[in-house]
Amino acid sequence: MIAAIGLVVGIILGLLLTPDVPQWLEPYLPIAVVAALDAVFGALRAFLDGIFNDKVFVISFVSNVVIAALIVFLGDKLGVGAQLSTGVVVVLGIRIFSNVAAIRRHIFHA
Amino acid sequence: MNDMNDAPQAPLDEPHATPGHARRSRAKLLEALRKPSRGQLAGAVLVGLLGFAMVTQVKSNQQDDTYAGLRSSDLVQLLNGLNAEARRADKEIADLEQTRSQLSDSSQRRQAALKRATEESTTLGILAGTVPAQGPGIRIEVTDPKDKVTLNNLLDGVEELRAAGAEAIEFNDDVRVVAQTSFEDAERGVVIDGHRVSAPYVIDVIGNPDTLATTLDFIGGFSFDVKASDGDVKVNKLDNVKITTVTKPASPDFASSADGQ
């Protein structure tokens with residue numbers, strides 16, 4: 001419940017404040033959002049599996065975001081930023097799909 | 001990364017995926033929604049952060065900065081593409097402008113030719129009597145109370161007018177006099193091109209009014225002859241003489257244009 005409220009509050013804050021994305025954050029924000037989405041779906045799946053742990057969730061969330069941004073940053077420095085971003089998005093997308101599939105099996109038995 | 005995200009993906013026919021299990025899962029979710037535990041707090045903060053970031057990203061993506069997030073290599077590539085496209089467009093513009101100038105040249109030539117042809121056709125039509133004409137000229141009124149004005153008198157008058165530069169001649173608002181016009185004698189008058197014309201004769205002439213008027217007044221000329229026949233000639237110089245009768249254009253049956261002209 002608190003998590004759902006948090007999501008709603010975050011969305012409303014974003015809609016109300018409409019902050020400008022700082023220049024240095026622009027390449028990393030989309031990747032970070034996708035990584036965070038992956039962490040959230042992973043957490044939901046773990047909760048349904050009965051192995052949810054808030055400490056683990058926090059760590060996984062932060063590390064997901066940081067590592068995704070780091071990969072993109074490194075890619076930019078190496079000159080393959082666009083390709084690495086695509087790779088990261090593909091990998092995270094696959095993980096999100098598999099997590100959602102597991103959640104779906106839990107809830108709908110299908 | 002961590003144990004829960006890296007949990008092995010369950011096969012599709014995993015054993016615990018039974019209807020009872022699904023019910024239990026749903027119950028667990030509902031319970032978590034109803035009775036939040038303290039452990040959800042950190043999760044809530046992070047999920048809120050996610051929502052905030054998502055909305056921010058979506059908003060910034062909707063702004064018109066398509067190229068803001070691109071890397072310099074991408075931008076260089078884009079710029080090259082745009083340059084090539086601009087060159088192509090320039091070339092196309094040059095081609096099209098050339099085509100346009102060609103077309104407008106030819107159309108101008110055609111218009112000039114058309115204008116010349118129209119003018120010539122009008123000129124020839126006036127001379128041949130196939131179109132109505134108007135312009136400065138004179139109106140000659142010839143009275144013939146004793147019926148003594150002859151066809152020859154009239155023919156002399158017409159010849160004098162032609163010699164003085166008459167461009168269009170009309171008798172009694174009825175007959176146009178052109179090169180092929182025939183004159184015949186008749187009872188009380190004359191027959192011109194099959195039209196019977198009798199005194200008083202009214203001759204409309206387009207040409208230089210002064211020249212036309214003076215040419216009739218020579219001694220031994222038209223006026224002299226008519227007055228000798230007890231008739232009278234009145235000449236009015238007019239700024240605008242209208243000649244509305246026309247002749248039917250006749251195409252020659254025997255003559256054709258000779259080469260070399």
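Just so we're clear, the structure is a prediction, and the values are computed from it rather than from any experiment.

Considering the overall build of chain B
Scanning chain B from terminus to terminus reveals six helices and eight strands. Counting from the amino terminus, chain B carries its helices and strands in the arrangement α-α-α-β-α-β-β-β-β-β-β-α-α-β. Evaluated residue by residue, chain B yields a buried proportion of 32% over its 261 residues. Looking at chain B alone, contacts between residues at least 24 apart form 73% of all its contacts between residues at least 6 apart. Counting every atom, chain B has about 17300 Å² of accessible surface; 54% of that belongs to carbon and sulfur.

Describing the sheet that holds strand S4 (residues 183–186) of chain B
All names here are of chain B. Ordered by their spatial adjacency, three strands build an open sheet running S4-S5-S6, and the pairing between neighbours is antiparallel. Every interior strand has two partners, whereas the edge strands, S4 and strand S6 (195–197), have only one. Pairs of neighbouring strands in the sheet enclose a mean axial angle of 30 degrees, with direction left out of account. Relative to strand S5 (residues 189–192), S4 runs antiparallel, the two being bridged by four bridges. Residue pairing in the sheet places Phe183 in a bridge with Ile192 of S5. Against the sheet, helix H4 (residues 151–163) makes contact with S4 and S5, and its axis sits at roughly 155 degrees relative to S4, the strand it touches most.

Quick look at the pattern of salt bridges
Within this structure, the stated rule accounts for seven salt bridges over all chains. In this structure, Asp38 of chain A engages Arg95 of chain A in a salt bridge whose closest nitrogen and oxygen atoms are separated by 3.0 Å. Highlighted residues: Asp38 of chain A in helix H2 (residues 29–49) and Arg95 of chain A in helix H4 (residues 81–108), separated in sequence by 57 residues. We classify Asp38 of chain A as buried; its relative accessible area is 0%. Arg139 of chain B serves as the salt-bridge partner of Asp204 of chain B, at 2.9 Å between the closest nitrogen and oxygen. In this pair, Asp204 of chain B sits in strand S7 (residues 201–206) while Arg139 of chain B sits in strand S1 (residues 133–143), placing the two residues 65 residues apart along the sequence.

Re the packing of helix H3 (residues 54–78) of chain A against H4 of chain A
Residues and elements named next belong to chain A. In the contact formed by H3 and H4, the axes pass within 7 Å of each other and the chain directions differ by 155 degrees. Accordingly, the angle class assigned to the pair H3 and H4 is roughly antiparallel. Crossing angle aside, the handedness with which H3 passes H4 is right-handed. Only Gly81, Leu84, Ser85 and Val88 of H4 make contact with H3, whose side of the interface consists of Ala68, Ile71, Val72, Gly75 and Asp76. Each residue belonging to the contact of H3 with H4 can be placed in one class, and the counts come to five nonpolar, three polar and one charged.

Analysis parameters
- Residues numbered from 1 in each chain as written.
- Chains lettered and ligands numbered in written order.
- Predicted model: local features only at pLDDT ≥ 70, side-chain atom pairs only at ≥ 80, totals over all residues.
- Heavy atoms only, no water.
- Helix = DSSP H or I, 4+ residues; strand = E, 2+ residues; numbered from the N terminus.
- Buried < 20%, exposed > 50% of the residue type's maximum accessible area, 1.4 Å probe, protein only.
- Contact = heavy atoms within 4.5 Å.
- Areas by Shrake-Rupley, 256 points an atom, 1.4 Å probe, with all protein chains shown as cover.
- Pairing = 2+ DSSP bridges.
- Axes fitted to C-alpha atoms, helices over the stretch in contact; angles between N-to-C directions.
- Salt bridge = Lys/Arg side-chain N within 4 Å of Asp/Glu carboxyl O.
- Parallel < 35°, antiparallel > 145°, perpendicular 65-115°, else oblique.
- Left-handed = near helix turned anticlockwise from the far one by under 90°.
- Nonpolar A, V, L, I, M, F, W, Y, C, P; charged D, E, K, R; others polar.

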